[in-house]
Amino acid sequence: MTYKMKSIDFKGKPYIEVHERIKYFKLEHPNGAIMTEILSNDSGVCIFKATVYIDDKIVSNGHAYEVEGSSFINKTSYIENCETSSIG
């Protein structure tokens, strides 16, 4: 089965949202996993790490840093945004 990821227009360029990338990953690697870990959440600064596994082997890591209140979404959801960014 071929899955075509949907994109949105972001500043004039196509952008594939993280939930679409996760869906594609799970279809391509049904035994794969994405694990997240909060490394720090201090004074409104959040740092997350995401680790991608395929067949129980680490194939990728990603990190993200978000500051509470630094954007519209970060006013209420900076922790969730940081986790999602680390996966992306």
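All figures in this text were calculated on a predicted structure; none of them were measured in a lab.

## Points about the packing of aromatic side chains
Enumeration according to the criterion identifies 1 aromatic pair in this entry. Seen in terms of ring centroids, phenylalanine 10 and tyrosine 15 are 5.8 Å apart; in terms of plane orientation they differ by 45°. Their pairing is tilted. Looking at phenylalanine 10, the relative accessible area reads 47%, which means it is partly exposed. Assessed through its relative accessible area of 35%, tyrosine 15 is described here as partly exposed.

## Looking at helix 1 (residues 18-28)
Buried within helix 1 are the following residues: Val18, Glu20 and Phe25. Along the axis of helix 1, the buried residues cluster in a sector spanning 160°; they form a single face.

## A short note on the nonpolar core
Ranked by size, the top nonpolar core spans 5 residues in total: Cys46, Phe48, Ala64, Tyr78 and Cys82. Secondary-structure elements contributing two or more residues to this core are strand 4 (45-54) and helix 2 (74-87). Look past the residues within four positions of alanine 64 in its chain and what remains in contact with it is Cys46, Ile47, Phe48, Cys82, Ser85 and Ser86.

## Focus: the pattern of salt bridges
The final tally for this structure, using the stated rule, is 1 salt bridge. Taking the shortest distance from any N to any O, the salt bridge between glutamate 20 and lysine 23 comes out at 3.6 Å. In this pair, glutamate 20 and lysine 23 are both assigned in helix 1, 3 residues apart and thus about one turn of the helix distant. The buried category is assigned to glutamate 20, whose relative accessible area is 4%.

Scoring rules and cut-offs
- Residues take numbers from 1 onward in each chain, read along the sequence in its written order.
- The predicted nature of this model means local features are confined to residues of pLDDT at least 70 and side-chain atom pairs, given and counted, to a pLDDT of 80 or more, with totals for whole chains, interfaces and linings taken over all residues.
- Each side-chain value is derived from all of the structure's non-hydrogen atoms; neither hydrogens nor water enter the calculation.
- To pair, rings of Phe, Tyr and Trp, with the six-membered ring standing in for Trp, must have centres within 6.5 Å; the planes then decide the type, stacked if under 30 degrees apart, edge-to-face if over 60, and tilted in the middle.
- A simple rule labels every residue: compare its accessible area, found with a 1.4 Å probe on the protein chains alone, to the largest value its type can have, and call it buried under 20%, exposed over 50%, or partly exposed in between.
- Here a helix means four or more residues in a row that DSSP labels H or I, a strand means two or more in a row labelled E, and each is numbered from the N terminus.
- Arc, as used here, means the arc of the directions from the helix axis to the C-beta atoms.
- Here, nonpolar core means buried Ala, Val, Leu, Ile, Met, Phe, Trp, Tyr and Cys residues that are tied together by side-chain atoms lying within 4.5 Å of each other.
- By the convention used here, residues are in contact when the closest approach between their heavy atoms is within 4.5 Å.
- Should a side-chain nitrogen of Lys or Arg be within 4 Å of a carboxyl oxygen of Asp or Glu, the pair is scored as a salt bridge.

These values are about where atoms sit, not about what they do.
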